[in-house]
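Here is what each chain is made of, one letter per residue.
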Amino acid sequence: MEENQSDMIEARRVLLLVPRVTYRAADFLAAASRLGIEVVIGSDGALPLGVRPVIPVDPYDLPGSIDRIVRSGGPLDAVVAVDTPMLAVAAAVGERIGLPHNPMEAVMATMDKRAQRCRWAATGVPQPAFRVIAAGSDEYAVMSVAAELKFPCVVKALSLSGSQGILRVDHATDVPVAARRIRRVLSEGRGTDIEPLLIEEYVPGLEISIDALLTDGVATVIAVFDKPEMPDGPTFEETMLICPARLSDETLAASVSVAERATRALGLRHGPIHAELRIDPRHGDERPTMLELAARSIGGLCSRALRFAGNTSLEEMVLLNALGVGVTPQQETGTAGIFMLPLERAGVLHAIEGQTEAADVPGITGLSISIPLGETVHPLPEGDRYLGFVFGSGGTPEDVEAALRAARLRLRVVIR
Ligand SMILES: Nc1ncnc2c1ncn2[C@@H]1O[C@H](COP(=O)(O)OP(=O)(O)OP(=O)(O)O)[C@@H](O)[C@H]1O
Ligand SMILES: [Mg+2]
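Quick summary incoming for the structure in this document. Note that this is a predicted model, so its numbers are computed, not measured.

Calculation notes
Residues numbered from 1 in each chain as written. Chains lettered and ligands numbered in written order. Predicted model: local features only at pLDDT ≥ 70, side-chain atom pairs only at ≥ 80, totals over all residues. Helix = DSSP H or I, 4+ residues; strand = E, 2+ residues; numbered from the N terminus. Rg over C-alpha atoms; globule rule 2.2 N^0.38 Å. Buried ≥ 20, exposed ≤ 12 C-beta atoms within 10 Å, placed from the backbone. Contact = placed C-beta atoms within 7 Å. Near = placed C-beta within 6 Å. Nonpolar A, V, L, I, M, F, W, Y, C, P; charged D, E, K, R; others polar. Axes fitted to C-alpha atoms, helices over the stretch in contact; angles between N-to-C directions. Left-handed = near helix turned anticlockwise from the far one by under 90°. Pairing = 2+ DSSP bridges.

This paragraph deals with the overall build of the chain. Looking only at helices and strands, the chain features twelve helices and 19 strands. Radius of gyration (C-alpha) of the chain: 21 Å, near the 22 Å computed for a compact globule of 416 residues. Its C-alpha atoms give the chain principal-axis dimensions of roughly 60 × 50 × 50 Å. Taking all 416 residues of the chain together, the buried fraction comes to 44%. Across the chain, the fraction of contacts at a sequence separation of at least 24, relative to all contacts at a separation of at least 6, is 67%.

Okay, here's the thing in structure tokens:
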């Protein structure tokens, strides 16, 4: 951190809203401690947070949560949601105590794939053609909605994430089967499948993600990844991410511009965004097309691959930005890569062999397994977790890709 930055954050107090389930808690806490910021934690879960007192916060009870936060006393200089489930609480608290925050409708639209598509449709943001399959539609109704689109298509739940409940479908006649399977994922996870589904045209092409920090509606891009192994379906395991993305300057600029339009259309103004696009090659030019945009930074443990000027982590950048301190988007890592290990079949996770050999591959900088042995696991579209993350850096993007692939080949995952 630069000296003038440390003066600006001295004695600052941040409310960190940590959801019960997230990969992101430890990295945000480490960032706050490294910056020397005083942290107040609000959470809906029992977290391994040491002796720190936690203000009970419930995303389904905003008034009660705000009251508890306000009553806990002490001034706050910023409110930061560590992950998606806390976005509405962060917006409500920011509004109540007069700190920079996103409008509630904007964060709600990022958490509902239909609302997001409708906002973008209203303002002409490039995205796949889509239709809504109403909750409780019978097979005939599902087929007639599907018949309005060109195939292949993707059918998805509105409220899930991590590619859970998402299937590519090549023919209209197969849509009812996919819809039934996705409804089963919803009812097993939430106890109810009463939610509309989205069906949208399948967009081919290279997938990328853009992370940026917003200050009063102005975006500073901090990381752009390409995803060279993104499958073309039927399920969409996110595996390899490489930063910086291998795009021409022109395509990169066009992609950032589409992501900025998408951000404005949603009404987001503050904090991190993570935009996902595909570069659609079908029209004789490269058209960046929005898949999705979240009002948070990149998910899982992926941020661990990145370091910015002064060895600053992405979470430190988010906290500094929330405190109104200008950030330097310059990346120090050179090329950074992540291999997210998907779960390839269902069963009980028995062993993950070859971890030392994988970690020893030149260019591999870390390996983190995120599911304890003995747990029952499921592949997509039912599964809701990744087995772990392999990190690599240095050299060209192709070097990092090769290192990650070599490490992956050395891991033997035993699921019984
Ligand atoms: N219309 C589409 N065309 C092509 N691929 C798609 C489409 N919709 C989704 N996908 C694929 O499925 C993946 C997950 O879709 P999406 O981002 O909509 O859902 P998610 O589960 O919320 O994602 P995340 O993993 O970011 O939480 C995308 O990254 C993409 O690879
Ligand atoms: Mg997504």
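Near ligand 1 there are 20 residues, and of these Pro128, Ser161, Val203, Phe236 and Glu292 occur at the shortest range. Within the residue set of the shell around ligand 1, elements represented by two or more residues are β6 (153-157), β12 (271-280) and β13 (287-294). Taken together, the residues of the shell around ligand 1 sort by class into nine nonpolar, four polar and seven charged.

Attention shifts here to unusual backbone geometry. The general pattern is negative phi for most residues beyond glycine and trans for most peptide bonds. A cis amide bond, omega 5°, links Cys243 with the succeeding residue Pro244. Assignment of secondary structure puts Pro244 in the loop between β11 (240-243) and α9 (249-266). Residue Pro381 is reached from Leu380 by a cis peptide bond, and omega for that bond is 10°. Mapped onto the fold, Pro381 is located in the loop between β17 (376-377) and β18 (388-393). The phi dihedral of Asp216 is positive, around 50°, even though this residue is not glycine. Secondary-structure assignment places Asp216 in the loop between β9 (206-215) and β10 (218-227). The backbone of Asn311 shows a phi angle near 60°, a positive value even though the residue is not glycine. Take Asn311: it is sitting in the loop between β13 and α10 (314-322).

It is worth spelling out the packing of helix α2 (residues 25-35) against α10 at this point. Relative orientation of the contacting elements α2 and α10 amounts to 65°, with a least axis distance of 8 Å. The interaxial crossing formed by α2 with α10 has right-handed handedness. Taking contact as the criterion, the partners of Asp27, Phe28, Ala31, Ala32, Arg34 and Leu35 in α2 are, on α10, Glu315, Glu316 and Leu319. Residues of the contact of α2 with α10, tallied by class, amount to five nonpolar, no polar and four charged.

Time to look at the pairing of β6. Regular strands place their side chains on alternate faces of the sheet. In terms of burial, β6 is a largely internal element, five of the five residues being buried. Every second residue of β6 is oriented toward a common face, with Cys153, Val155 and Ala157 on one face and Val154 and Lys156 on the other, all of them buried. Bridge count for β6 against strand β7 (residues 166-169) is four bridges, and the pairing is antiparallel. Bridging from a neighbouring strand, Cys153 pairs with Val169 of β7. Alignment of β6 against strand β8 (residues 197-201), held across five bridges, turns out to be antiparallel. Each residue of the ladder has a partner; that of Ala157, found in β8, is Leu197.

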